[in-house]
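# Reading the structure
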Amino acid sequence: MARRKLVYEGKAKILYEGPEPGTLVQYFKDDATAFNAEKKDVIDGKGVLNNRLSEFFMTGLQRIGIPTHFIKRLNMREQLIRQVEIVPLEVIVRNFAAGTMAKRLGMEEGTQLPRPVVEFSYKDDSLGDPLVPEEYIVALGWASQQDLEDIIAMALRVNDFLAGVMHGVGIKLVDFKIEIGRVYDGEFPRLIVADEISPDSCRLWDIETNEKLDKDVFRRDLGSLSDAYTEVARRLGVLPQNNAPSGKPTLVN
Ligand code: 5GP
């Protein structure tokens, strides 16, 4: 069989040319990185779980009318996606103070915000993805004012969906990051949710205990990342209810 053409390799995923023009195959690696790849490890099964969890969230978003790049899952580690022109921004929505917001403002982690806030970082590893004001985004041509308004509205809808789904399984959605892509239907550009939605890109805390069930487990050495992600998948029904939360993940077909 001919080797597939590699289009892009990132820290946690690889993109290959897809079977049809305008499609890509997104492969989820087991690699975990933090602090701009200063901390690295390989977490057995992480890619398999994130492939399934991202499928779960993206199909849920599509069902409520939010367009995403997801077409279909191909196998345990790969999904077929639409090729997009990535808007070079990390779009972050926060419901509770944590991470860089808590640090920057000296807030206690877990403080509930009066309303969800949306912020933007410029996607550039060499600069450490710096926070950017909306005015820079428009002035530097990364997105138009109208695009920005549409991105904020879409991010808040994604937040409502994810927060509701998580609440239903006893998980608090503290914050998350999404990426937005542009696709062209004829001449007209359209914005869609791209990249991935998984515990790598969200902060998820147990509602009762505040136990962390996301990548902070790896960033802060809090225990087994695989156990945390398996627990999220199990609660969402991506894993069977009786699946032991430790060991290698067993997936439902
Ligand atoms: P913070 O700005 O507090 O570090 O991150 C806010 C939220 O965005 C967290 O849920 C975090 O996981 C996510 N996030 C921020 N930057 C990145 C990134 O470069 N990669 C991923 N996967 N998630 C990120």
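Overview of the structure.

Cut-off values and rules
- All chains use their own residue numbering, which begins from 1 and follows the written sequence.
- Residue-level local features of this predicted model are given only where pLDDT is at least 70; pairs of side-chain atoms are given and counted only at 80 or more, and the full residue set underlies all totals for whole chains, interfaces and linings.
- Each side-chain value is worked out from all heavy atoms of the structure, with water and hydrogens disregarded.
- Each Phe, Tyr or Trp ring, with Trp reduced to its six-membered ring, pairs with another whose centre is within 6.5 Å; inter-plane angles below 30 degrees give stacked pairs, above 60 give edge-to-face pairs, and intermediate values give tilted ones.
- Exposure classes here rest on a 1.4 Å probe applied to the protein chains alone. A residue is buried below 20% of its type maximum, exposed above 50%, and partly exposed in between.
- Each helix is a run of H or I in the DSSP string that is no shorter than four residues. Each strand is a run of E no shorter than two, and both are numbered from the N terminus.
- By definition, residues are in contact when any of their heavy atoms lie within 4.5 Å.
- Pairing of N or O atoms within 3.5 Å defines a polar contact, subject to two protein rules: one partner must be a possible hydrogen donor and the other a possible acceptor, and residues neighboring in sequence count only if both atoms are side-chain atoms.
- Strand pairing is assigned whenever DSSP detects at least two bridges linking the two strands.
- Angular values range over 0 to 180 degrees, each being the angle between N-to-C directions of two axes fitted as lines to C-alpha atoms, with helices fitted over their stretch in contact.
- To be near a molecule or strand, a residue needs just one of its heavy atoms within 4 Å of it.
- We get accessible surface area from the Shrake-Rupley algorithm with a probe of 1.4 Å; when it comes to residues, only the shown protein chains can shield them.
- The classification used treats Ala, Val, Leu, Ile, Met, Phe, Trp, Tyr, Cys and Pro as nonpolar, Asp, Glu, Lys and Arg as charged, and all other residues, Gly among them, as polar.
- Relative orientations are named as follows: roughly parallel for angles under 35 degrees, roughly antiparallel for angles over 145 degrees, roughly perpendicular for angles from 65 to 115 degrees, and oblique for any other angle.
- Crossing handedness is defined as follows: a turn of the near helix away from the far one that is anticlockwise and smaller than a right angle gives a left-handed crossing, while the clockwise case is right-handed.

## Description of the packing of aromatic side chains
This structure, assessed with the given rule, holds two aromatic pairs. Each ring, one from phenylalanine 56 and one from phenylalanine 57, has its centre 5.4 Å from the other, and the planes form 80°; the classification is edge-to-face. By relative accessible area, phenylalanine 56 is classed as partly exposed at 29%. Residue phenylalanine 57 is classed as buried on the basis of its relative accessible area of 1%.

## A closer look at helix 6 (residues 225-235)
A large share of helix 6 lies buried, amounting to 10 of its 11 residues. Those residues of helix 6 that sit buried are Leu225, Ser226, Ala228, Tyr229, Thr230, Glu231, Val232, Ala233, Arg234 and Arg235. Residues of helix 6 that are buried sit in contact with strand 4 (31-34), helix 1 (46-63), strand 12 (171-185), strand 14 (202-206) and helix 5 (216-219). Taking the backbone nitrogen of serine 226 as reference, a side-chain oxygen 3.4 Å away marks serine 224 as the first, capping residue of helix 6. Of the residues flanking the end of helix 6, it is glycine 237, one or two places downstream, whose phi is positive at about 85°.

## Let's talk about the sheet that holds strand 7 (residues 78-82)
Pairing between sheet strands relies on hydrogen bonds along the backbone, with the strands arranged either parallel or antiparallel. Taken in spatial order, the five strands make up an open sheet running 1-2-3-7-6, and their pairing is antiparallel. The sheet is open, and its two borders are formed by strand 1 (6-9) and strand 6 (70-73), each paired with just one other strand. Put simply, the sheet's adjacent strands are angled 25° from each other on average, direction ignored. As paired strands, strand 1 and strand 2 (residues 13-17) are joined by three bridges and run antiparallel to one another. Across the sheet, tyrosine 8 pairs through a bridge with leucine 15, a residue of strand 2. Strands strand 3 (23-28), strand 6 and strand 7 of the sheet are contacted by helix 1, whose axis makes an angle of about 135° with strand 6.

## Points about the site of the ligand
For the ligand, the set of nearby residues contains 15 residues, the closest of which are Arg94, Thr100, Asp175, Arg203 and Arg219. In this structure, an oxygen atom belonging to the ligand sits 2.8 Å away from a side-chain N or O atom of arginine 94. At 2.9 Å from an oxygen atom of the ligand is found a side-chain nitrogen or oxygen belonging to arginine 203. Relative to its free-state accessible area of 490 Å², the ligand is covered by the protein chains to the extent of 81%. Contributions of two or more residues to the shell around the ligand are made by strand 9 (89-96), helix 2 (99-105), strand 12 and strand 14. Within the shell around the ligand, the residues separate by chemical class into four nonpolar, three polar and eight charged.

## What about the packing of helix 1 against helix 4 (residues 145-168)?
It is at 11 Å that the axes of helix 1 and helix 4 come closest, and there the two elements cross at 120°. Accordingly, the angle class assigned to the pair helix 1 and helix 4 is oblique. Considering how the two elements wind past one another, helix 1 and helix 4 form a crossing that is right-handed. Facing helix 1, whose interface residues are Phe56, Phe57, Gly60 and Leu61, helix 4 presents Val158, Phe161, Leu162, Val165 and Met166. Residues belonging to the contact of helix 1 with helix 4 are distributed by class as follows: eight nonpolar, one polar and no charged.

## Section: the side chain of serine 198
By the secondary structure assignment, serine 198 is in the loop between strand 13 (188-194) and strand 14. A distance of 2.7 Å separates the side chain of serine 198 from the side chain of glutamate 196, its partner in a polar contact.

## So, the packing of helix 1 against helix 6
Remark: helix 1 packs on helix 6, axes separated minimally by 10 Å, with the N-to-C direction vectors making an angle of 25°. Viewed along their axes, helix 1 and helix 6 adopt a mutual orientation that is roughly parallel. Read as a crossing pair, helix 1 and helix 6 show a hand that is left-handed. Counting all contacts with helix 1, which are made through Lys46, Leu49, Asn50 and Leu53, the residues of helix 6 involved are Leu225, Ser226, Tyr229, Thr230, Val232 and Ala233. Looking at side-chain class alone, the contact of helix 1 with helix 6 contains six nonpolar, three polar and one charged residues.

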